[in-house]
Amino acid sequence: MNPLLSGHNSDSHIVAAHPADEKNMRVYFRDIQGIRFEDVPFYPFFHLSDSRLIEGFTRKHWAKELGGNAFYKYLCAFEEWPAMWDGLRHVLESYNATASAKTDSLTQLEVVHILTDPATQYLLQSGRTLFKGMAFDDLHRLQLDIETYNTPSSQFSDSRRSSDRIILIALSDNRGWEHLIDGSGTTEKEMLLELFRILKEKDPDVIEGHNILGFDLPYILKRCKNLGAIPAFGRDGSAPRSFDSRFSVAERSIPYTGVEIAGRHIVDTLMLVQSYDMIKRNMESYGLKYAAKYFGIAPANRTYISGNRISWHWDNDRKTLMDYAMDDVRETRALSERLSGSSFYLTQMLPLNYGAVIRSGSASKIELLMTREYVRSKESMPKPGEGIQTSGGYTDVFLRGVLEPIIHADVESLYPSIMITEAIKPASDVLDVFPQILKELTQLRLDTKRHMKLAGDATERNRLDAMQSSFKILINSFYGYLGYRKGLFNDHVRADQVTSTGQDLLRSMMRTIQTLGGTVVEVDTDGIFFIPPRGETSREVDERFVQQLSDSMPAGISVALDGRYRKMLSYRMKNYALLGYDEHLTIKGSALISRSMERFGRSYIKQCITCLLDGDLDGLHNTYLHFHHVIIEGSIDILDLAKTETLNEGLHEYLQAVESGKRNRSAAYEVAIGMGGVVKQGMKVSYYISGNDPNPKSFESCKSVDEWNPSFPDQNKAYYLKRLNEFSEKFMDFFKPQDYRSIFSPDDLFPFESHGVRILTTTVTSASSLSQGIPSEE
DNA sequence: AGCTGTGGCAGGGAGG
DNA sequence: CCTCCCTGCCAC
């Protein structure tokens, strides 16, 4: 494997510089003395003790502005070398006999990392946990789940209550072992000591749990502190080190307690599930039970208990609770089995430990690969460039309505292909590491995919698939890194170059489709939905057409047939529905289907779209009548009426923003505040609108679904009828006004008559998205 | 010891 | 009414 991806020595990611080597560093701090640090476009090498000599750059400056930049910290921490070296030798010797051989070879090595924390050094230095050449199945993984008595969902809010304690610890591993530490007739402290004894005996490489960093581990640490027990999790019997951190997926940022354990890795399957859904975006929740069902790995006859009944079961029905806890760890094991393989294989090429690979984002990974090579080459690191990216993907819609048949053709790996064929790299990358890594990863992925197809064994195929998918995620992040404002090697000019080249390619692809007689419906970034020439379709014909398209593109850019569909409902840019030849319905876009919509709205829209795609106008009208009826009757489930929203801000930030007029009051936050619970970032809140006012202020009329009382139903029927009509309005453009009115209204005057009603196709011009309806030709 | 990007639509509240 | 601004969610 290319040394850029495998690390520069096979046994260790840690390589350290000796101060005597400073003359070989490009650029050492003495070279820039007399120049303001702010004016220097790169980070020079220097000793911490010397940093005060650089004008405009003090230790305080370092701590405050660069402290968060771990990579830079490694570069300038040379003065800590002797202490670190001794510490390293100590932990290695305590771990295994070959340590001295390893540390001796270390002195020969050049710099890459100086990791100041002994636990991390130990973790990375133990060859066993580096995973070099290991298969995922060789890893010894232990699953852990605790059940607690009287613990509210708000976690720590009343953890000082004497009744709040751990009652069960369920454990399992991937070698078929299962164990339950039962809190009956034993103290909590004895349970914890038993846990640490078991950990020492089983000696797992990895400790896994669902939300283990959000709940189980911080909770155990807290109880240990209260009880005066040492949380001996480490391979050397040491206690974990913990820190507050954040995990961000897309626009969400979820706080968690980071935990580092000497010689072991921690995997939170909740993070794996969230990362998975960041790409798939079709999960309803990230809870263990839902996720297990979603992936089809929930054990048959699994025991379910609702969270607030745990204490009751402990008091009245312990057997059921024990079964439940055991099923939790089994599901955790299966989830990790399904999701963690790709991170495992990435760890073999990144200077990060397994847990950190899962916790950190793609930009960090790319930057670390760059950093490793730069420091090894003794080349100074650039500072982030100023300015921002200004362009993105090309998106447009040309036809609105129900269209058939449909082909979706997309450019394979558009942005990476552009970066490779146009040789795009950051201006600051003087060593050309960025394009080399990108090319190497791309080649590696192709090779892995080829091997995957040849592999006969299913286990081997899964292994290779996990590897290639991890490469794909990383490859696709290279473009994003260029535009990342805090990236050391960012380059917004090149980022714009990538997107504008992409736009040009898509426009040229559209022209080719039109020249060949096809009709373009919608374009988004790297793919086009279109009707083939003369509406003729078959797999062979479509494939030939797309091949023609592909041949018309520049070298290095290839177009693939991504999908064939019986019909498409085109609504807006990034909003459409597809009906496959297997009758499978896919709905895309937040305007059509969104998790923040009321559940009845989602199912109403889904049913309407089904009817529209089937041309079933009576069905469409009946769907409206049904929902109209159940809202008026009050026979609709309150959970169907409720909106579920995520609180992306903490209480303090929200109140401050409202106070300063930066944002308006919002129903979800007000409900959370009203419930008296802790308003936690990332928390989900379900609420409904009460009262009679058809135009209520939602932040005043909102109530938590838990407050709804079946004896005194107070949901706002007028408001929900209005919501039903708002959902219907999405379909307004598909009909003549009088037809629209007759479909989406109750039969109070005349019964609905579908005869003569037609679904319209509208031409959308890019200049104005509002144009007149034109009856479609049939 | 956190952090890849732009583009589009909907909904709510405030104020003209 | 309308416009502006903000957040949330989503496609790629």
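Keep in mind the model is a prediction, meaning the values are calculated, not measured. Every chain's residues receive numbers from 1 upward, in the order its sequence appears when written. Lettering of chains starts at A and numbering of ligands starts at 1, both following the order in which they are written. This being a predicted model, a pLDDT of at least 70 is required before a residue's local features are given, and a value of 80 or more before pairs of side-chain atoms are given or counted; all residues contribute to the totals for chains, interfaces and linings. Heavy atoms throughout the structure, all of them, feed into the side-chain values; hydrogens and water do not.

1. Overview of the sheet that holds strand β8 (residues 265–268)
Strand pairing follows a simple DSSP-based rule, namely that at least 2 bridges must link the two strands. Helix and strand definitions here come from DSSP, where helices need a minimum of 4 consecutive H or I residues and strands a minimum of 2 consecutive E residues; each element is numbered from the N-terminal end. The sheet built from 5 strands is open, its strands ordered β4-β3-β2-β5-β8 with mixed pairing. Every interior strand has two partners, whereas the edge strands, β4 (178–182) and β8, have only one. For this sheet, the mean inter-axis angle between neighbouring strands, taken without regard to orientation, is 25°. Pairing of strand β3 (residues 165–173) with β4 involves 5 bridges; the strand directions are antiparallel. Between the N-to-C directions of two axes lies an angle of 0 to 180 degrees, each axis being a line fitted to C-alpha atoms and, for a helix, fitted only over the stretch in contact.

2. As for the pattern of salt bridges
By definition here, a salt bridge exists when the distance from a side-chain nitrogen of Lys or Arg to a carboxyl oxygen of Asp or Glu is within 4 Å. Tallying each qualifying case throughout the model produces 31 salt bridges. The partner of Arg 264 in a salt bridge is Asp 203, with the nearest N and O atoms 2.8 Å apart. A residue pair is termed long-range when its members are at least 10 positions apart, and Arg 264 in the loop between β7 (252–260) and β8 and Asp 203 in the loop between α8 (188–202) and β5 (206–209) qualify at 61 residues. Throughout, exposure labels follow a simple rule: accessible area from a 1.4 Å probe, protein chains only, divided by the maximum for the residue type, with under 20% read as buried, over 50% as exposed, and the rest as partly exposed. A residue is classified by how much of its surface remains accessible, and Arg 264, at 2% relative accessible area, is buried. Of the charged contacts, one joins Arg 302 and Glu 331 as a salt bridge, the two residues approaching to 2.7 Å between their closest N and O atoms. One end of the pair, Arg 302, is in the loop between α11 (288–294) and α12 (310–316); the other, Glu 331, is in helix α13 (residues 318–339), with 29 residues separating them in the sequence. What makes Arg 302 buried here is its relative accessible area of 8%. By relative accessible area, Glu 331 is classed as buried at 0%. Several salt bridges share partner residues, and in doing so they unite Lys 289, Arg 302, Asp 328 and Glu 331 into one network.

3. Side note on the protein's contact with DNA strand B
Neighbouring residues are identified by heavy atoms, a residue being near a molecule or strand if any of them is within 4 Å of it. Around DNA strand B, the surrounding shell holds 39 residues, and the nearest of these are Arg 241, Ser 360, Gly 361, Ala 363 and Lys 486. For DNA strand B, the fraction of atoms within 4 Å of the protein that belong to sugar or phosphate moieties is 79%. Any N or O atom pair separated by 3.5 Å or less is treated as a polar contact, with the protein-specific requirement of one donor-capable and one acceptor-capable atom, and with residues adjacent in sequence counted only for side-chain atom pairs. Arg 246 places a main-chain nitrogen or oxygen 3.4 Å from a sugar or linking oxygen of DNA strand B. A distance of 3.0 Å separates a phosphate oxygen of DNA strand B from a polar side-chain atom of Ser 364. When residues of the surface near DNA strand B are traced back to their parent elements, those giving at least two are β6 (241–249), α16 (362–376), β15 (559–572), α27 (698–701) and α28 (717–728). For the surface near DNA strand B, the element with the highest residue contribution is β6, accounting for 5 residues.

4. A word on the protein's contact with DNA strand C
Close contacts around DNA strand C come from 20 residues, with Asp 526, Lys 574, Tyr 576, Arg 595 and Lys 662 the closest. For DNA strand C, the fraction of protein-proximal atoms (within 4 Å) that sit in sugar or phosphate groups is 90%. At 3.1 Å, a backbone N or O of Gly 589 approaches a phosphate oxygen of DNA strand C. One of the side-chain N or O atoms of Ser 590 is found 3.4 Å from a base oxygen in DNA strand C. In this classification, the charged set is Asp, Glu, Lys and Arg, the nonpolar set is Ala, Val, Leu, Ile, Met, Phe, Trp, Tyr, Cys and Pro, and all remaining amino acids, among them Gly, are polar. Of the residues assigned to the surface near DNA strand C, the class counts are 3 nonpolar, 7 polar and 10 charged.

5. Topic: the side chain of Asp 739
Here Asp 739 shows up in helix α29 (residues 737–743). Positive charges come from Lys and Arg, negative ones from Asp and Glu, while His and the chain ends are left out of the count. Put simply, Asp 739 is tucked away with no salt bridge, and the nearest opposite charge, on Lys 736, sits 4.6 Å away. Each residue touching Asp 739, except ones within four places of it in the same chain, is listed here: Gly 756, Val 757 and Arg 758. Residue contacts follow a heavy-atom distance rule, with two residues in contact if any of their heavy atoms lie within 4.5 Å.

6. A word on helix α18 (residues 433–454)
For α18, spanning 22 residues, the distance from its first C-alpha to its last is 31 Å, which sits close to the expected 32 Å at 1.5 Å a residue. Looking only at α18, the buried set comprises Val 433, Phe 434, Pro 435, Ile 437, Leu 438, Leu 441, Leu 444, Arg 445, Thr 448 and Met 452. Expected helix span is computed as 1.5 Å times (number of residues minus one).

7. Some remarks on a nonpolar patch on the surface
Nonpolar side chains (Val, Leu, Ile, Met, Phe, Trp, Tyr) are joined into patches within 5 Å and like charges within 9 Å, using only residues with over 30% relative accessible area and no salt bridge. What sets the accessible areas is the Shrake-Rupley method with a 1.4 Å probe; for residues, cover comes only from the shown protein chains. Where nonpolar side chains cluster on the molecular surface, the patch consists of Met 278, Ile 279 and Ile 473 and spans about 280 Å² of accessible area. By secondary structure assignment, the location of Met 278 is in helix α10 (residues 269–280). According to the relative accessible area criterion, Met 278 is partly exposed, its value standing at 38%.

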